[in-house]
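Spelled out from the first residue to the last, the chains are:
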Amino acid sequence: MSFLSISGVTKRFGGVVANRDVSFEVAPGELVGVIGPNGAGKSTLFEIITGFYRPDEGEVRLEGTRLTGLSPDRVCRLGVARTFQKLRPFPAMTVLENVMVGALTRTRDVRHAREHAREILERVGLGDKAHAHGRTLSTGQRKRLELARALATRPRLLLLDEVTGGVDQGSIPGLVRLVRELHRDGLTVLVIEHNMRVITAVAQRIVALYLGEVIADGPPDVVARERRVVEAYLGQAYAQ
Amino acid sequence: MARGVPAAVFFGLAALGPLVVRDAFLLDGLILILLWGATASAWNVAGGYAGQVSLGHAAFFGLGAYSAALLGTRWSLSPWIGLLVGVLLSTVAGLIIGYLSNRLRGPYFVLATIAFSQVLLIVASRWRGFTAGSEGIPVPFRPGFWTLGIADKRGWVYLVLALGVLLYLVQQYLERSRRGYQLAAVREDEDAALSLGVAARRLKVVAIAASAALTAVCGALWAQYVGFVDPFYVFSVDLSVRFALAAIIGGLGTALGPFLGSVLITTLETYLRAQFGGVGAGLIGIYLIIYGCALVLVVRFVPQGLVGWLGDRLRRHGLAGTAP
């Protein structure tokens, strides 16, 4: 049985079709990249998986459990965590407290949550920033904070929306390494990424979306050479 | 300086008050400071901690006051029973308002809360047969603790002090507990909180209902203390604004803030009433102007409230630690 299954998902906003009959599956322990130009429907798909949007048709299942129709907090408690494209740390809280909010989803004990949050901060390399405020962090550090918060909910499936987007070149390798480590430790990861070099280096498989539809699904080197993908990214002139 | 020290000092001084002061006017001021501080704290649970700013909390205060007064006059029931009934009614009303908070955001939610308190005002002032209408109802004085007929002002000081400490502890819980962290997350960014598994909607509704229930407790005790319930006072927007103002001036989402705000606002109002109360209609509304100015000054110069400002001061003078 597949771990995550997305079947026939369609989402319309008025006359715009953001996702059209999107179907693919993710095996346990897989690291799958989702690519596509702006407006391809990548983020909409994430919102649908995590329960923020309800699809007009189709459904999402995690190990057979239907996620579609559940509220985002329920989806999280079933083991799906996400990061946001637009970073949103809780501004009035310290880095540690930010992560504690995630940890408190899995424990009733504030002290446990604090310890767990500390461990996770160490793991993502923010151990020395525990008492800083979210707004004082650099973009790269904020990405790590988002990641830490999501990890604190002890997910089985992690959805990453643009891990390296807006981050300075120097911080990218560290973030990529971190995602690789999480994957190696057994986490199933679905990642949206604009940076083709990053995604082909990290993902075992790539799903390409264009105008809401899946136009390619396969190993990175194959998808990257796929005619329709090149067309979608660069226009028809380059596809020859 | 440890976390609870400023609060211990504040409540300790209040407890010493009746031992030192005999003057009825001053004791009355102390009682009102504690009572309004407790009410502002109850408001703070929704407005400060949950970030759901209401300008209709007089509705819950009035429900508490009327429940205690009506059950006492119509059926000679103990005000404690009236208090419980007021709490139940306010909890139900709070659940409804809480449900609205998930539909309406920002100004629309504020307007809905105002409308709600105005509806209750109309009901209370028009339903002559039951509430005695716009004349208001006197609350019978029957001596004894069970009937809350406490003649000695010192007794009242300790009663409202207990109420104040209770409200302070409730707020402390909201700062340190699991629910408190989750509520803060909802206040800061609801979507992010949801994505981390926080049941945001339910949590907001519970916070607003709890805030409503606590406000009703304050209303019921106030009715017994003052001895008269006037619909145009207990359901007024003025009163709602005062709860919010005390909390904002003292420090939104801080446990001691509403009490410090109440010290300022209650003394100011008592002073102004003594100064201008009898002079004629022209100056009676002056407190509104002064409230307005106070709010502007606080928001402009100490947006974190008196608690934040005092905390900074103490730290600067080498007393390490965090604000209460």
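Refer to the preceding data block for the structure.
Conventions and cut-offs
Residues numbered from 1 in each chain as written. Chains lettered and ligands numbered in written order. Predicted model: local features only at pLDDT ≥ 70, side-chain atom pairs only at ≥ 80, totals over all residues. Heavy atoms only, no water. Helix = DSSP H or I, 4+ residues; strand = E, 2+ residues; numbered from the N terminus. Rg over C-alpha atoms; globule rule 2.2 N^0.38 Å. Buried < 20%, exposed > 50% of the residue type's maximum accessible area, 1.4 Å probe, protein only. Contact = heavy atoms within 4.5 Å. Areas by Shrake-Rupley, 256 points an atom, 1.4 Å probe, with all protein chains shown as cover. Core = buried A, V, L, I, M, F, W, Y, C linked by side-chain atoms within 4.5 Å. Salt bridge = Lys/Arg side-chain N within 4 Å of Asp/Glu carboxyl O. Pairing = 2+ DSSP bridges. Axes fitted to C-alpha atoms, helices over the stretch in contact; angles between N-to-C directions. Phe/Tyr/Trp six-rings, centres within 6.5 Å; stacked < 30°, edge-to-face > 60°. Parallel < 35°, antiparallel > 145°, perpendicular 65-115°, else oblique. Left-handed = near helix turned anticlockwise from the far one by under 90°. Nonpolar A, V, L, I, M, F, W, Y, C, P; charged D, E, K, R; others polar. Buried area = accessible area lost by both parts, 1.4 Å probe. Polar contact = N/O pair within 3.5 Å; in protein donor to acceptor, adjacent residues only side chain to side chain. Expected span 1.5 Å × (residues − 1).

### Some remarks on the overall build of chain B
Next up, step 1: Within chain B one finds 16 helices and two strands.
Next up, step 2: Its C-alpha atoms give chain B a radius of gyration of 19 Å, within 12% of the compact-globule value 20 Å for 324 residues.
Next up, step 3: Taking the principal axes of the C-alpha coordinates as reference, chain B spans close to 50 × 45 × 40 Å.
Next up, step 4: Evaluated residue by residue, chain B yields a buried proportion of 54% over its 324 residues.
Next up, step 5: A sequence separation of at least 24 residues applies to 77% of the contacts in chain B between residues at least 6 apart.
Next up, step 6: Accessible surface, chain B: about 13900 Å² in total, of which carbon and sulfur atoms supply 71%.

### Notes on the overall build of chain A
Next up, step 1: Within chain A one finds nine helices and ten strands.
Next up, step 2: Its C-alpha atoms give chain A a radius of gyration of 18 Å, within 12% of the compact-globule value 18 Å for 240 residues.
Next up, step 3: Each principal axis of the C-alpha atoms in chain A carries an extent, and together these give about 55 × 40 × 35 Å.
Next up, step 4: Here chain A holds 240 residues, and 55% of them are scored as buried.

### A few points about the nonpolar core
Next up, step 1: Core analysis: the biggest nonpolar cluster contains 91 residues, and F11, V229 and L256 of chain B have the highest contact counts within it.
Next up, step 2: For this core, the element with the highest residue contribution is helix 10 (residues 200–226) of chain B, accounting for 15 residues.
Next up, step 3: Residues within four places of F11 of chain B in sequence aside, it is in contact with L34, L161, G164, V165, Y168, L256 and F259 of chain B.
Next up, step 4: A117, L145, A148 and A152 of chain A belong to the second largest nonpolar core, which has 49 residues in total.

### Focus on the pattern of salt bridges
All names here are of chain A.
Next up, step 1: Applying the stated rule across the entire model yields 18 salt bridges over all chains.
Next up, step 2: Of the charged contacts, one joins R149 and E146 as a salt bridge, the two residues approaching to 3.2 Å between their closest N and O atoms. You can see R149 and its partner E146 sitting in helix 5 (residues 139–152), three residues apart, about one turn around the helix.
Next up, step 3: On the basis of relative accessibility, which here comes to 4%, the residue E146 falls in the buried class.

### Notes on the sheet that holds strand 6 (residues 80–82) of chain A
Residues and elements named next belong to chain A.
Next up, step 1: Taken in spatial order, the six strands make up an open sheet running 6-7-8-3-9-10, and their pairing is mixed. Of all strands in the sheet, those bounded by a partner on one side alone are strand 6 and strand 10 (213–218). In this sheet, adjacent strand axes meet at a mean angle of 20° when their direction is disregarded.
Next up, step 2: Against the sheet, helix 1 (residues 42–49) engages strand 3 (31–35), strand 6, strand 7 (157–161), strand 8 (188–192) and strand 9 (205–210), with an angle of about 145° to strand 8.
Next up, step 3: Across the sheet, helix 9 (residues 227–234) lies against strand 3, strand 9 and strand 10, angled at about 125° from strand 10, the strand it touches most.

### A look at the packing of aromatic side chains
Next up, step 1: For the structure on display, the rule yields 14 aromatic pairs over all chains.
Next up, step 2: Between F13 of chain A and Y53 of chain A, the ring centres sit 5.4 Å apart and the planes meet at 70°, which makes this aromatic pair edge-to-face. Taken as a pair, F13 of chain A in strand 1 (residues 4–13) and Y53 of chain A in the loop between helix 1 and strand 4 (57–62) lie far apart in primary sequence, 40 residues in all.
Next up, step 3: Using a relative accessible area of 37% as the deciding quantity, one classes F13 of chain A as partly exposed.
Next up, step 4: By relative accessible area, Y53 of chain A is classed as partly exposed at 33%.
Next up, step 5: Here F52 of chain A and F84 of chain A contribute two aromatic rings whose centre-to-centre distance is 6.1 Å and whose plane-to-plane angle is 75°, an arrangement assigned as edge-to-face. Remark: F84 of chain A occurs in the loop between strand 6 and helix 3 (95–103) and F52 of chain A occurs in the loop between helix 1 and strand 4; sequence separation between them is 32 residues.
Next up, step 6: Of the residues examined, F84 of chain A reaches a relative accessible area of 6% and is grouped as buried.
Next up, step 7: Every member of this aromatic cluster is reached through a ring pair, and the members are W36, F61, W222, Y233 and F243 of chain B.

### What about the packing of helix 4 (residues 110–124) of chain A against helix 5 of chain A?
Helix-helix packing is characterised by the crossing angle of the two axes and by the distance between the axes.
All names here are of chain A.
Next up, step 1: The contact between helix 4 and helix 5 brings their axes to 9 Å, and the two run at 135°. Judged on the interaxial angle alone, helix 5 and helix 4 are oblique. Of the two possible hands of crossing, helix 4 and helix 5 adopt the one that is right-handed. Taken together, the residues of helix 5 that come into contact with helix 4 (itself represented by H116, I120, L121 and V124) are R144, A148, L151 and A152.
Next up, step 2: Grouping the amino acids of the contact of helix 4 with helix 5 by side-chain chemistry returns six nonpolar, one polar and one charged.

### Overview of the interface of chain A and chain B
Next up, step 1: Contacts between the two partners involve 25 residues from chain A and, on the opposite side, 19 residues from chain B.
Next up, step 2: For the pairing of chain A and chain B, the buried interface totals around 1900 Å² over both sides, and the portion due to carbon and sulfur atoms is 63%.
Next up, step 3: Linking chain A with chain B are one salt bridge.
Next up, step 4: Ionic pairing is found between D189 of chain B and R88 of chain A, a salt bridge with its closest N-O pair at 2.7 Å.
Next up, step 5: For the interface between chain A and chain B, the tally reads seven residue pairs in polar contact (both at pLDDT 80 or more).
Next up, step 6: Looking at the side of chain A that touches chain B, the elements that each hand over two or more residues are helix 2 (72–77), helix 3, helix 4 and helix 5 of chain A.
Next up, step 7: Here the side of chain A that touches chain B is built from residues that sort into 13 nonpolar, four polar and eight charged.

### Thoughts on helix 4 of chain A
Since the α-helix packs 3.6 residues into each turn, any two residues three or four apart lie on the same face.
Next up, step 1: The terminal C-alpha atoms of helix 4 of chain A, which comprises 15 residues, lie 21 Å apart, in line with the 21 Å expected from a rise of 1.5 Å per residue.
Next up, step 2: Looking at the buried residues of helix 4 of chain A, the elements they touch are helix 3, helix 5 and helix 6 (172–184) of chain A together with helix 7 (153–176) and helix 8 (178–188) of chain B.
Next up, step 3: Positive backbone phi, at 85°, marks G125 of chain A, one or two positions downstream of helix 4 of chain A.

### Structural notes on the environment of A59 of chain B
All names here are of chain B.
Next up, step 1: Among the structural elements, A59 can be located in helix 3 (residues 58–75).
Next up, step 2: Separated by 60 residues in sequence, A59 and V119 place their C-alpha atoms 8.8 Å apart.
Next up, step 3: Once residues within four sequence positions are removed from consideration, A59 is found in contact with F116, S117, L120 and F235.

### Observations regarding the sheet that holds strand 2 (residues 16–26) of chain A
Residue and element names in this part refer to chain A.
Next up, step 1: Taken in spatial order, the four strands of this open sheet run 2-1-4-5, and their pairing is antiparallel. At either margin of the open sheet sits one strand with a lone partner, and together these are strand 2 and strand 5 (65–66).
Next up, step 2: The sheet contact formed by strand 4 and strand 5 spans two bridges and is antiparallel. The partner of L62 across the bridge, within strand 5, is T65.
Next up, step 3: Helix 1 contacts strand 1, strand 2 and strand 4 of the sheet and is inclined by roughly 115° relative to strand 1.

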